[in-house]
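# Working through the structure, step by step
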Amino acid sequence: MSAGPALAAPMGVPAVPVALPAARRIPATKRGLLRRNRAMAAAALVYLLFVFVALAAPLLAPSDPDAQVLPERFKPPGWLTGEPDHPLGADNLGRDVLSRLIFGARVSIAVGVATVVASAVLGSALGAIAGYARGHVDGALLLLLDIWMAFPPLVLAIALSAALGPGLPNLILALVLTGWVSYCRVIRGEVLSLREREFVLAARVIGASGARIVARHLMPNVMAPILVLATLEMATVIISEAALSFLGLGVGASQPTWGGMLNDGRQFLRQAWWLATFPGLAISVLVLSVNLLGDSLRDALDPRLRSR
Amino acid sequence: MDTRNIDLHSSPRSGGTEWRRLSRRDLLRATGGLVATVTLGACTQTPAAQAPATAAPKPTDAPKPVAPTTAPAAVAAPTAVSAAPTAAPAAPKPAAGPPARSQLIVAQTADMVTLDPPMYRARQTQNIHQMIYDTLVHRTDDLKLQGRLAESWEVVDDKTFRFKMRANAQWQDGKPVTARDVKFSYDRTLDPALKAPRAGLLDMVSSTEAVDDSTVVIRTVQPDPLTLVFLNYHAITPMDAVKAQGESFFQKPIGAGPFTFEEWRKGERVVLKANLSYWDGPPGVETLIFRPIADSSALLAELESGGIDIAAEVPPSSLSQIKGNPNLQALTAPSTTVHYIGLNNRTKPLDNVLVRRALNQAIDKNAIISSVMAGLAVPVPGPLFPEARGYDPSVTGYAFNVAQAKALLKEAGVENGFSLTLDTTAPNKELSEAIAGQLKQIGVNLSVNVMELGVLTTKINQGQSDMYHNVWGDSAADGGVTFYRHFSGAQRATFKDTWYSRPELDTQIDQARFTFDFEKRRQLLVAIQKTIVEDAPWIFLWQPTSLAAARSNVKGFVPRADGYMFLNKVTKA
């Protein structure tokens, strides 16, 4: 195995010979992190708030999100009427908008987290295998990736969820099947370059198996890009979920979702602006906070990803 | 989008950038090196040069390049000078026709399906067709039968109708309409090879006969007074032209109706022009345009800005908005439709009549009507609306009573309620959700499943929907039609629906259907309705009141109970 360096040279190892793997786990520029600190903290706080609202929905919601009081149809928000029973107004069936918004957060957060975790695991596993194995495995996967990426992601998600039918698991499955490719590409690239590093060679020299090298030596070193990508992808996933629910293809009409509320409220925009405004606002704020968080993480952990 | 844009779009040049690019490229080929100086402005000044260039890629646009091109300019700058040259060729007989350049734009919720009369069953398409084609008979705005191409008719016996043709009716190419055209049109519809969706409406017809040029005889298999009513849906097409041109006739058809077909841009607009030689006098406007606008907020925005003159179907929730706008008029009419929820008689626990009655009792129809439907509906106690033959006012149906509904569920052994899926379509989603919300009170949890109408219809036909919110329209307003279609076991071969079947009822239904005397028929239908209400294969809901809206300068537009529109007498002030 002494032919290691010679083997690495034709592969075009990046011209950063002294970059130790450990260095990538520490923030690349501490000043960058400090500068971003405040924005990151604010974004993280908002995101955690949404997670808390989703988890504690039954405790926080003032009423049952499905309870209809038909005479209260289109009742304006509490601060306009002076009556506190519907703080954000009532919808076209007299249901409390705030309660529906709170329960709607559950779907957005659950889909966001579950999809991102599942597609990160699936995508990075496949990417790492392809990147480490190279050869035919890599070629086949690349072909699959290219085919997969030829479909616009949202169109693919629409087709998949229409085929799978409504429901939370089906929705997550549809989004995972569209979302895994980006992880796969990034991780494959990372592993391709890392596998030629000295520490990998060293591990190989002492007789570590391929699986062990991938799991113990390569994966920890690609955690930073995965984390950054996952955070950024979460924003996309939340938007996709809202879009699918808006189109009536999400979890189904019987569960309150922000996208569904937005679509239902859209037709009453002139009579009752609060039906579409608040879910729209909720989507915007959540997605903005996740995006800011992702940006800060990227700047702090992996500035190289900025160019991707 | 405002009015001026509409005018521009109605011109054949509205292909937009694509059209311009194409024609400019062709112009380039034709004129060689001159292109360097061609600008957009230059294009508009050389319509004559463009006309042959456009003819090749878009043949339908070719015949009318000059006049309409200048028309929008005249509208945009309404000076006497620019209007003069346009008016001259367009109105050769100014005394007879509608006001020059008058146009009526009508929005419907769906686009035309086809131009071939027997090949569809959709009200929106029928509304367009009956302006192009004429029919033998017609129903007036209060749904009384009246002759159209037929001047008169007589009932020879219970199974034979004899029609006398109108002498002054002619095709839009000037040839007279004869009895042979009528026979040809019906025979074509009934031809099994054509597989026409409209054939079902004529299934009682055994033979058609053109006795001479002005006499048609139609015979039915069984005594069936409704065949006469159904004839008002069947357009008459010119036999010689259809035979000569085949299917291509229906690309640019001619009819005997008040308007001639001009252009159909799929998904965008259907343009019709006044037929000045229509037997019933020329129509009230020169151009009639139908536009499909499915989205209700877009529909109202267009109506408020004057982009459209008539919106044929408007959701009830916009009633207050229309009433509050001095430029708009809200027009209502009772409809010939009922909303219902089909209950699959094979699904547990809906197979128990007590459960079906409980569901009927658990819905507060008046609360839903007054809130969600803005009062624009009438609750019905059974499957018929009040205007239908066979409706019995003494049958009161199921009164709203949650306690009784719960007691019935207990008696049926499902006191803890149950969970099912309620299939519905997007337009009825809100109502279905309101119904599901009310059924929760008796422990019945329904998850509302919004489906495409076509998909839902297939699922219903196969008897695979457990509960479905649907709308049934019977424009013949005769209980016999409703009962035969939905509650006769004879229909279960094709329409599984609720699987409801009761052999002795089938006999009664057939007996009523084939009774020619209307009073006797009514009595038979009343008896059938009683049984159906007791068996409750549906949750009987309401008869919606149809709401249309028009600009206030539109005169003579009457919404009809059957949902059809006859627009040839409509004018614009």
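Quick notes on the rules
- Residue numbers run consecutively from 1 along every chain, following the written order of its sequence.
- Here chains are named by letter from A upward and ligands by number from 1 upward, in the order in which they appear as written.
- Thresholds applied to this predicted model are a pLDDT of at least 70 for local features of residues and 80 or more for the giving and counting of side-chain atom pairs; totals over whole chains, interfaces and linings are not thresholded and use all residues.
- To get the side-chain values, all heavy atoms of the structure are used, and hydrogens and water are removed first.
- Secondary structure elements are taken from DSSP: a helix is a run of H or I of four residues or more, a strand is a run of E of two residues or more, and numbering for both begins at the N terminus.
- Here's how the labels work: a residue is buried when its accessible area is under 20% of the maximum for its type, exposed when over 50%, partly exposed in between, all with a 1.4 Å probe on protein chains only.
- Any two residues having at least one pair of non-hydrogen atoms within 4.5 Å are treated as being in contact.
- Here, Shrake-Rupley sampling with a 1.4 Å probe gives the accessible areas, and only protein chains in the shown set may cover a residue.
- Here the buried area means the combined drop in accessible surface, using a 1.4 Å probe, for two parts upon being joined, counting both sides.
- Salt bridge criterion: a side-chain nitrogen from Lys or Arg within 4 Å of a carboxyl oxygen from Asp or Glu.
- Only Asp, Glu, Lys and Arg are considered charged, only Ala, Val, Leu, Ile, Met, Phe, Trp, Tyr, Cys and Pro nonpolar, and every remaining residue, Gly among them, polar.
- The charge count treats Lys and Arg as positive and Asp and Glu as negative. His and the chain ends do not count.
- An expected span of 1.5 Å times one less than the residue number is assigned to each helix.
- The arc under discussion is defined with respect to the helix axis, by the directions toward the C-beta atoms.
- Here the nonpolar core consists of buried residues drawn from Ala, Val, Leu, Ile, Met, Phe, Trp, Tyr and Cys, with membership extended through side-chain atoms lying within 4.5 Å.
- The rule for pairing is simple: two strands pair if DSSP sees at least two bridges between them.
- To define axes, lines are fitted to C-alpha atoms, for helices over the stretch in contact only, and angles between the resulting N-to-C directions are given on a 0 to 180 degree scale.
- The predictor attaches a confidence to each residue, called pLDDT, with possible values from 0 through 100.
- Left-handed describes a crossing whose near helix is turned anticlockwise from the far helix through less than a right angle; right-handed describes the clockwise counterpart.
- Ring pairs are drawn from Phe, Tyr and Trp, using the six-membered ring of Trp, whenever the two centres fall within 6.5 Å, and their geometry is named by plane angle: stacked under 30 degrees, edge-to-face over 60, tilted for the rest.
- Ring-over charges, as used throughout, are those where CZ of Arg or NZ of Lys falls within 6 Å of the ring centre and within 35 degrees of the ring normal.

### Details of the overall build of chain B
- A tally of helices and strands in chain B yields 20 helices and 23 strands.
- A buried classification covers 54% of the 573 residues belonging to chain B.
- Pairs at least 24 residues apart make up 71% of the contacts formed inside chain B by residues separated by at least 6 positions.
- With the model as given, the accessible surface of chain B reaches about 23700 Å², and the carbon-plus-sulfur share is 55%.

### Details of the overall build of chain A
- When its secondary structure is counted, chain A shows 12 helices and zero strands.
- Per-residue burial over chain A gives 48% buried out of 308 residues.
- Partitioning the intrachain contacts of chain A with sequence separation of at least 6 by distance along the chain shows that 74% fall at a separation of at least 24.
- Surface accessibility of chain A: about 14700 Å² in total, with carbon and sulfur atoms responsible for 70%.

### Side note on the interface of chain A and chain B
- Counting residues at the interface gives 16 residues for chain A, matched by 22 residues for chain B.
- For the pair chain A and chain B, the two sides together bury roughly 1600 Å², of which 42% comes from carbon and sulfur.
- At the boundary of chain A and chain B, one finds six salt bridges.
- Across the pair E430(B) and R73(A) runs a salt bridge whose closest N-O atoms are separated by 2.9 Å.
- Along the lines of polarity and charge, the residues of the side of chain A that touches chain B split into five nonpolar, five polar and six charged.

### A word on the side chain of R356(B)
All names here are of chain B.
- Mapped onto the elements of the fold, R356 is located in helix α13 (residues 353-361).
- No salt bridge is formed by the buried R356; its nearest oppositely charged neighbour, D535, is found at 5.4 Å.
- Those residues in contact with R356, other than ones at most four positions away along the chain, are L343, N345, L350, D351, D535, A536 and P537.

### A closer look at the pattern of salt bridges
- Under the criterion given, the structure shown has 43 salt bridges over all chains.
- In this structure, E433(B) engages R95(A) in a salt bridge whose closest nitrogen and oxygen atoms are separated by 3.4 Å. Here the residue E433(B) occupies a position in helix α16 (residues 429-439), and R95(A) occupies one in the loop between α4 (78-81) and α5 (97-133), the pair thus bridging two chains. The pair E433(B) / R95(A) is uniform in exposure class, with both members buried.
- Two residues, E302(B) and R291(B), come together in a salt bridge whose shortest N-O distance is 2.9 Å.

### As for helix α7 (residues 153-164) of chain A
Residue and element names in this part refer to chain A.
- Compared with an ideal rise of 1.5 Å per residue, which puts 12 residues at 16 Å, α7 spans 16 Å between its outermost C-alpha atoms and is within 8% of the ideal.
- Regarding α7, the residues found buried are L156, A157 and S161. Each buried residue of α7 lies within a common arc of 125° when the element is viewed along its axis, so the set occupies one face.
- Those residues of α7 that are buried lie in contact with α6 (135-150), α8 (168-194) and α10 (210-246).
- Downstream of α7 by a residue or two, G165 has a phi angle that is positive, lying close to 90°.

### Quick notes on the nonpolar core
- Counting residues in each nonpolar core, the largest one holds 71 residues, and the members touching the most others are L104(B), L272(B), L288(B), F290(B), I310(B), F557(B) and L567(B).
- Looking at this core, the element that brings in the most residues is helix α20 (residues 518-535) of chain B, giving four residues.
- Contacts of F557(B), omitting those with residues within four sequence positions, involve I310(B), L331(B), A548(B), A550(B), M565(B), L567(B) and V570(B).
- One finds A54(A), V107(A), I187(A) and W274(A) within the second-largest nonpolar core, a separate group that totals 61 residues.

### As for the pairing of strand β12 (residues 287-292) of chain B
Residue and element names in this part refer to chain B.
- Most of β12 sits inside the fold, with six of its six residues counted as buried.
- Taken together, the six bridges between strand β1 (residues 103-108) and β12 define a ladder with parallel strand orientation. For L104, the partnering residue across the bridge sits in β12 and is L288.
- Alignment of strand β11 (residues 269-274) against β12, held across four bridges, turns out to be antiparallel.

### Let's talk about the pairing of strand β5 (residues 150-157) of chain B
- In this sheet, strand β6 (residues 160-165) of chain B lies alongside β5(B) in antiparallel orientation, the contact comprising six bridges. Residue pairing across strands places W153(B) opposite F163(B), the latter belonging to β6(B).

### Examining unusual backbone geometry
- Following K348(B), the chain continues into P349(B) via a peptide bond in cis, with omega recorded as 0°.
- Take P349(B): it is sitting in the loop between β15 (337-343) and α13.
- A positive phi angle is found at R134(A), which is not glycine, with a value near 50°.
- Inspection of the secondary structure puts R134(A) in the loop between α5 and α6.
- The exposure class assigned to R134(A) is partly exposed, which follows from its relative accessible area of 25%.
- Positive phi, close to 65°, is recorded for L143(B), a residue that is not glycine.
- Turning to its location among the elements, L143(B) is positioned in the loop between β3 (137-139) and β4 (145-147).

### Describing the sheet that holds strand β7 (residues 205-212) of chain B
All names here are of chain B.
- In space, the four strands of this open sheet follow the order β5-β6-β8-β7, with antiparallel pairing throughout. Single-partner strands in this sheet number two, and they are β5 and β7. On average, each strand axis in the sheet is tilted by 20° relative to the strand beside it, whichever way the strands run.
- One ladder, built from five bridges, connects β6 with strand β8 (residues 215-220); its direction is antiparallel.

### Details of the confidence of the model for chain A
All names here are of chain A.
- Looking at chain A as a whole, its pLDDT mean stands at 84, while 86% of the residues score no less than 70.
- Taking the mean pLDDT of every element in chain A, the minimum, 40, falls on helix α1 (residues 4-8) and the maximum, 93, on α5.
- Contacts for the low-pLDDT stretch residues 1-20, under 50 throughout, to residues beyond four places or in other chains number 12 contacts.

### Notes on the packing of helix α18 (residues 479-487) of chain B against helix α19 (residues 503-513) of chain B
Residues and elements named next belong to chain B.
- Interhelical geometry of α18 versus α19 gives an angle of 145° and a closest axis separation of 9 Å. Crossing angle aside, the handedness with which α18 passes α19 is left-handed. Where α18 approaches α19, its residues G480, F483, Y484 and F487 are matched on the opposing element by L505, D506, I509, D510 and R513.
- Within the contact of α18 with α19, the residues separate by chemical class into five nonpolar, one polar and three charged.

### Observations concerning the side chain of S108(A)
- Take S108(A): it is sitting in helix α5.
- Once residues lying within four places of it in the same chain are set aside, the contact partners of S108(A) are I238(A), E241(A), W258(A) and L286(A).

### Notes on the packing of aromatic side chains
- Scanning the model with the defined rule gives 19 aromatic pairs over all chains in all.
- Seen from their ring centres, Y233(B) and Y564(B) are 5.7 Å apart, and the 50° between their planes marks the pair as tilted. Residue Y233(B) is found in the loop between α9 (226-230) and β9 (235-236), and its partner Y564(B) is found in the loop between β22 (554-555) and β23 (571-572); the two are separated by 331 residues along the sequence.
- Overall, Y564(B) belongs to the buried group, its relative accessible area being 12%.
- An angle of 80° between the planes, with centres 6.0 Å apart, marks the rings of Y340(B) and Y468(B) as edge-to-face. Here Y340(B), found in strand β15, pairs with Y468(B), found in strand β19 (residues 467-473); they are 128 residues apart in sequence, far enough to count as distant.
- For Y340(B), a relative accessible area of 2% puts it in the buried group.
- Y468(B) gets classed as buried once you look at its relative accessible area, which sits at 0%.
- An aromatic cluster of at least three residues, connected via ring pairs, comprises Y340(B), Y468(B), F483(B), F487(B), Y500(B), W538(B) and F540(B).
- Here the basic side chain of R195(A) rests over the ring of Y132(A), its NZ or CZ set 4.9 Å away from the ring centre.

### Notes on the sheet that holds strand β20 (residues 538-540) of chain B
Residues and elements named next belong to chain B.
- Strand order across the open sheet formed by five strands is β18-β17-β19-β15-β20, with mixed pairing between neighbours. Sheet topology places β18 (444-451) and β20 at the edges, where each strand pairs with a single neighbour. Between one strand and the next, the sheet's axes are offset by a mean angle of 30°, whatever the strand orientation.
- Both strand β17 (residues 418-425) and β19 contribute to a ladder of two bridges, which runs parallel. When the bridges of β19 are listed, L422 appears paired with M467.
- Strand contacts of α13: β15, β17, β18, β19 and β20, with the helix running at about 25° to β20, the strand carrying the most contacts.

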